[in-house]
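Fold and geometry: a report
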Amino acid sequence: MKVLVTGGAGYIGSHTVVLLIDAGYEVVVFDNFSNASKESIRRVEAIVGKEIVVVEGDIRSREDLAKVFSSYKIDAVIHFAGLKAVGESVEQPLRYYDNNVNGSVVLCEVMSEYNCKSIIFSSSATVYGDPHTTPILENFPLSATNPYGRSKLMVEEILRDVYVSDNEWKIVLLRYFNPVGAHKSGSIGEDPNGLPNNLMPFIAQTAVGKREYLSVFGNNYDTVDGTGVRDYIHVVDLAQGHLNALDRIRNFNEPMTINLGTGNGYSVLEMVEAFEKASAKKVPYTIAERRVGDIATCFADPSYAKEVLDWEATRGIDEMCEDTWRWQSQNPNGYII
Ligand code: NAD
Ligand code: WQD
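Below is a summary of the structure that appears in this document.

1. A look at the pairing of strand β1 (residues 2-6)
Summarising burial for β1: 4 of the 5 residues are buried, a large majority. As defined by bridge partners, β1 adjoins strand β2 (residues 26-31) across 5 bridges and the pair is classed as parallel. Looking at the pairing, T6 lines up with F30 of β2. After leaving β1, the chain enters helix α1 (residues 11-22) and then returns to the sheet as β2, a path that is right-handed. Pairing between β1 and strand β4 (residues 76-79): 4 bridges, direction parallel.

Below, the structure written as structure tokens:
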């Protein structure tokens, strides 16, 4: 089976490519390298011991995509390509809608032209907005508080419409909670551009000495210690969820919407403590104002993924921190070597 992985050079994509190749899938990576380094591909090649087919192109370009679909008989697409910075999306909404929504529309059009109608889409827990209760089930009300989140909601709806128009489509919408961690080798991992937006890379860069201290965004939430609670999920568990989905996609007779989370929530301070233990480094922090748009608590009910994908996360918080630390300490400046 030949799988096109859009955004396959990125953080989650690169880890998924490793598992796909190890499981015997033929993989074509498609990426415009707007938020990835070619070094990540070389590292993946070193891990799997094989050369990877990579096509540099943009999902908004019919020509770029047509080149891929005419050169390779693609059976299914795992669609990671997209922009993902919430704050940036508020400042540049049109860029986000163009890249994430228009790009997904063009991708589906070209897929349809080449009669490739199986897609796994990277959605996000952000589509639940500020949930009334936790754990979060797939049928909870949806809302978006920023253009990034709205772009994910829009693509989910577009894909459901595509299915209504043509029932041959096989569609899986995976809603990720908070991906962290890295491959066991420590040679691939998350490599944010500039100041990290997300907690885990910020903690890791503080532990390695690149940042002086972590700003904890608020300590007066209604949580165990006042700091925000999230469902951190190891990126390799997340990647495995895609393989399980791919394996079953032919059997799904309607679009499937599935949470990928662990079901456990940890506070910011609990993450700091776990990371200090894993790295044997201090992570100095200061309490700062709440970040606009943040919610107190967010964690998944992952039982539907267990039921329909036979998938559950197996890696705990200690392993998430140890693997992040291995990547960060071996690559203090990310892929820039
Ligand atoms: P990433 O930025 O590391 O990977 C995205 C990849 O897509 C990058 O390699 C980038 O160069 C590529 N890309 C972006 N726009 C493109 C375009 N127009 N054409 C071709 N390639 C393009 O991000 P990630 O963390 O690996 O996330 C992958 C997907 O998962 C994204 O869609 C993201 O929105 C979604 N997601 C991520 C998180 C998270 O916290 N990391 C959580 C939920 C959902
Ligand atoms: C986690 C917790 C912060 C940074 C975001 C997106 C979401 C999804 C994942 C893609 C919160 C706190 C953080 C820092 C802190 N991405 N924090 N200091 O906000 O759950 O989700 O990334 O889909 O759409 O919104 O993740 O890692 O940014 O924050 O105190 O420097 O850490 O307040 O409680 P979040 P995060």
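2. Some thoughts on the side chain of H79
Tracing the sequence through the fold places H79 in strand β4. H79 gets classed as buried once you look at its relative accessible area, which sits at 1%. Only 2.9 Å separates the side chain of H79 from the side chain of S104, close enough to count as a polar contact. Residues contacting H79, with those up to four places away along its chain left out, are T6, I59, S104, L107, I119, I120, F121 and S122.

3. Regarding the sheet that holds strand β12 (residues 266-267)
One open sheet holds the 3 strands; their spatial order is β12-β9-β14, and the pairing between them is mixed. Each having just a single partner strand, β12 and β14 (297-298) make up the two edges of the open sheet. Note: strand β9 (residues 229-230) against β14, 2 bridges, orientation parallel. Paired with V229 across the strands is T297, a residue of β14.

4. Side note on the layout of surface pockets
What the second largest pocket holds in volume is close to 160 Å³. Looking at the second largest pocket, it is lined by 16 residues, and the ones nearest its centre are T262, N264, A313, T314 and R315. Of all the secondary-structure elements, those providing two or more residues to the lining of the second largest pocket are α10 (303-309) and α11 (317-330). Class assignment of the residues belonging to the lining of the second largest pocket gives a composition of 7 nonpolar, 6 polar and 3 charged.

5. Section: the pattern of salt bridges
Counted under the stated rule, the structure contains 24 salt bridges. Between E156 and R175 there is a salt bridge; the shortest N-O distance is 2.7 Å. Placement of E156 in helix α6 (residues 147-165) and of R175 in strand β6 (residues 170-176) is noted, with a sequence separation of 19 residues between them. Of the two residues examined, E156 and R175, each falls in the buried class. With a closest N to O distance of 3.6 Å, K282 and E276 form a salt bridge.

6. Some details on the site of ligand 1
In the region of ligand 1, 28 residues are neighbours, and I12, D31, N35, K84 and Y148 sit closest. Here D31 contributes a side-chain N or O atom positioned 2.6 Å from an oxygen atom of ligand 1. Between ligand 1 and Y148, the relevant distance is 2.7 Å, taken from an oxygen atom to a side-chain nitrogen or oxygen of the residue. Protein contacts shield 96% of the accessible area of ligand 1, which totals 830 Å² for the unbound molecule. At the level of elements, α1, β5 (118-124) and α6 are the ones that each hand at least two residues to the shell around ligand 1. Element by element, the count of residues in the shell around ligand 1 is highest for β5, at 3 residues. Its residues assigned to classes, the shell around ligand 1 shows 12 nonpolar, 11 polar and 5 charged.

What counts, and where the lines are drawn
- Residues numbered from 1 in each chain as written.
- Chains lettered and ligands numbered in written order.
- Predicted model: local features only at pLDDT ≥ 70, side-chain atom pairs only at ≥ 80, totals over all residues.
- Heavy atoms only, no water.
- Buried < 20%, exposed > 50% of the residue type's maximum accessible area, 1.4 Å probe, protein only.
- Helix = DSSP H or I, 4+ residues; strand = E, 2+ residues; numbered from the N terminus.
- Pairing = 2+ DSSP bridges.
- Right-handed = clockwise from strand over helix to strand, strands pointing away.
- Polar contact = N/O pair within 3.5 Å; in protein donor to acceptor, adjacent residues only side chain to side chain.
- Contact = heavy atoms within 4.5 Å.
- 1 Å grid on protein atoms, 1.4 Å probe; cavity = no way out; pocket = protein on both sides within 12 Å on 5 of 7 lines; lining within 4 Å.
- Points joined across faces, edges and corners; volume = space filled by probe spheres on them.
- Nonpolar A, V, L, I, M, F, W, Y, C, P; charged D, E, K, R; others polar.
- Salt bridge = Lys/Arg side-chain N within 4 Å of Asp/Glu carboxyl O.
- Near = heavy atom within 4 Å.
- Areas by Shrake-Rupley, 256 points an atom, 1.4 Å probe, with all protein chains shown as cover.

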